[in-house]
Amino acid sequence: MFRYEMHCHTLYSSACSRLDAQTMIRLYLENGYDGIVVTDHFLNGNTTVSSGLSWQDRIDGFYKGFELVKEEATKQGLKVFCGLEYSYLGTDFLSYGQDKAFLKAHPEMMAYDVRSWLAFMRSKGFLCVQAHPFREAGYIDHIRLYPSDCEGIETPNSARDDRCNRLGEVLADEYGLLKIGGSDIHRADQKILSGVETSKEVFSLDELIFEIRSGGAKPFLKENVFAENK
Ligand SMILES: [Zn+2]
Ligand SMILES: [Zn+2]
């Protein structure tokens, strides 16, 4: 089995994360992962990137976390791919498949309403998933669900409780959506990790997306042994 993280945050590009490249790489290697998809908060989320910069510079800032992790990880045998987490009033979406050139070419996407953004990304073939759809928090005025606008649901998210994840499971089943797991990790001491596991090793994000779409990738949960060792 090969295990891939689908949802994690670096301190370079996500203002809420404490995870530097070295810690992140050690954490995933010690936990037996083959690869990770870095999904820092996009420019409408909790980003470190100043909104006063040009669009091109903002996209470069968004990619900084991924690039730093990738540079270190490749030497150590961990595969690193890049996704993003888009935010709308505390309702979050993960998108997989876009690259830096695509994002740089489409500054107009920030003016789209959330459903138009999802439709736009999906029209380009990217995999859009609603993250932790049943999360509640003080800054989220209500739970918003977009099952008809997404291809998948993040179920489980190992930073959320069982009820949140069970409800996500029901939503995915009722709408016939793909299921992916993600840790949504921001700190090395998070107790439980998640992701998807495949029987086939993948070498690119496109291959991982293909496995998810064809039923070859299943969500899993595991204890974080890196936190235990500390
Ligand atoms: Zn965050
Ligand atoms: Zn997240």
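Please refer to the structure higher up on the page.
Residues numbered from 1 in each chain as written. Chains lettered and ligands numbered in written order. Predicted model: local features only at pLDDT ≥ 70, side-chain atom pairs only at ≥ 80, totals over all residues.

**A closer look at the overall build of the chain**
Counting secondary structure elements, the chain contains seven helices and nine strands. For the chain, the C-alpha radius of gyration of 16 Å lies close to 17 Å, the compact-globule estimate for 230 residues. Overall size of the chain, expressed as C-alpha extent along the three principal axes, is 45 × 40 × 35 Å. Across the 230 residues that make up the chain, the buried fraction comes to 45%. (Helix = DSSP H or I, 4+ residues; strand = E, 2+ residues; numbered from the N terminus. Rg over C-alpha atoms; globule rule 2.2 N^0.38 Å. Buried ≥ 20, exposed ≤ 12 C-beta atoms within 10 Å, placed from the backbone.)

**Some details on the nonpolar core**
Formed by 56 residues in total, the largest nonpolar core has its most connected members in Ile 36, Val 37, Val 69 and Val 129. For this core, the element with the most residues is helix α2 (residues 55-76), which contributes seven residues. In this view, Ile 36 contacts Tyr 4, Glu 5, Cys 8, Tyr 28, Leu 78 and Val 80; residues no more than four positions away in its chain are not counted. (Core = buried A, V, L, I, M, F, W, Y, C linked by C-beta atoms within 7 Å. Contact = placed C-beta atoms within 7 Å.)

**Thoughts on the sheet that holds strand β1 (residues 2-8)**
If you walk across this open sheet you meet the nine strands as β7-β6-β5-β4-β3-β2-β1-β8-β9, and the pairing is mixed. Because the sheet does not close on itself, it has two edges, and the strands there are β7 (178-182) and β9 (217-223). In this sheet, adjacent strand axes meet at a mean angle of 35 degrees when their direction is disregarded. Both β1 and strand β8 (residues 192-198) contribute to a ladder of three bridges, which runs antiparallel. In the sheet register, Phe 2 faces β8, and the bridge partner there is Thr 198. Lying over the sheet, helix α5 (residues 162-175) contacts β6 (152-157) and β7, oriented at roughly 155 degrees with respect to β6. (Pairing = 2+ DSSP bridges. Axes fitted to C-alpha atoms, helices over the stretch in contact; angles between N-to-C directions.)

**Thoughts on helix α4 (residues 114-123)**
Among all positions of α4, only Trp 117, Leu 118 and Met 121 are buried. Looking straight down α4, one finds that the buried residues subtend no more than 100 degrees of arc, so they occupy a single side. In α4, the exposed residues that point more than 90 degrees away from the buried face are Arg 115, Ser 116 and Ser 123. Check the buried side of α4 and you find it contacts β3 (79-88), β4 (91-96) and β5 (127-130). Once α4 ends, the next one or two residues include Gly 125, with phi positive near 95 degrees. (Arc of directions from axis to C-beta.)

**Looking at the environment of Tyr 139**
For Tyr 139, the position within the fold is in the loop between β5 and β6. In this structure Tyr 139 comes out as exposed when scored by C-beta crowding, with 6 C-beta atoms within 10 Å.

**Topic: the pairing of β7**
In terms of residue burial, β7 counts as a mostly covered element, since five of its five residues are buried. Burial along β7 is two-sided: Leu 178, Ile 180 and Gly 182 and Lys 179 and Gly 181, pointing in opposite directions, are all buried. Sheet analysis places β6 next to β7, joined by four bridges and oriented parallel. Note that in β7 the partner of Gly 152 across the bridge is Leu 178. Handedness of the β6-α5-β7 crossover: right-handed. (Right-handed = clockwise from strand over helix to strand, strands pointing away.)

**Topic: the environment of Gly 61**
As for its position among the elements, Gly 61 is in helix α2. On a C-alpha basis, the gap between Gly 61 and Met 6 in space is 20 Å, while along the polypeptide they are 55 residues apart. Not counting chain neighbours up to four residues away, the residues in contact with Gly 61 comprise Ser 13, Val 49 and Leu 53.

**What to know about helix α1 (residues 21-30)**
Within α1, the full set of buried residues consists of Ala 21, Met 24, Ile 25, Leu 27 and Tyr 28. Mapping the buried residues of α1 onto a view down its axis gives an arc of 160 degrees, with all of them on the same face. Just downstream of α1 lies Gly 32, where phi reads positive at about 80 degrees.

**What about the packing of α1 against α2?**
Between α1 and α2, the least distance of the axes is 9 Å, while the angle of their chain directions is 45 degrees. In terms of axis orientation, α1 runs oblique to α2. Considering the relative orientation of α1 and α2, their crossing is right-handed. Across the interface between the two elements, Ala 21, Gln 22, Met 24, Ile 25 and Leu 29 of α1 pack against Leu 68, Val 69, Glu 72, Ala 73 and Gln 76 of α2. Here the residues of the contact of α1 with α2 sort into seven nonpolar, two polar and one charged. (Parallel < 35°, antiparallel > 145°, perpendicular 65-115°, else oblique. Left-handed = near helix turned anticlockwise from the far one by under 90°. Nonpolar A, V, L, I, M, F, W, Y, C, P; charged D, E, K, R; others polar.)

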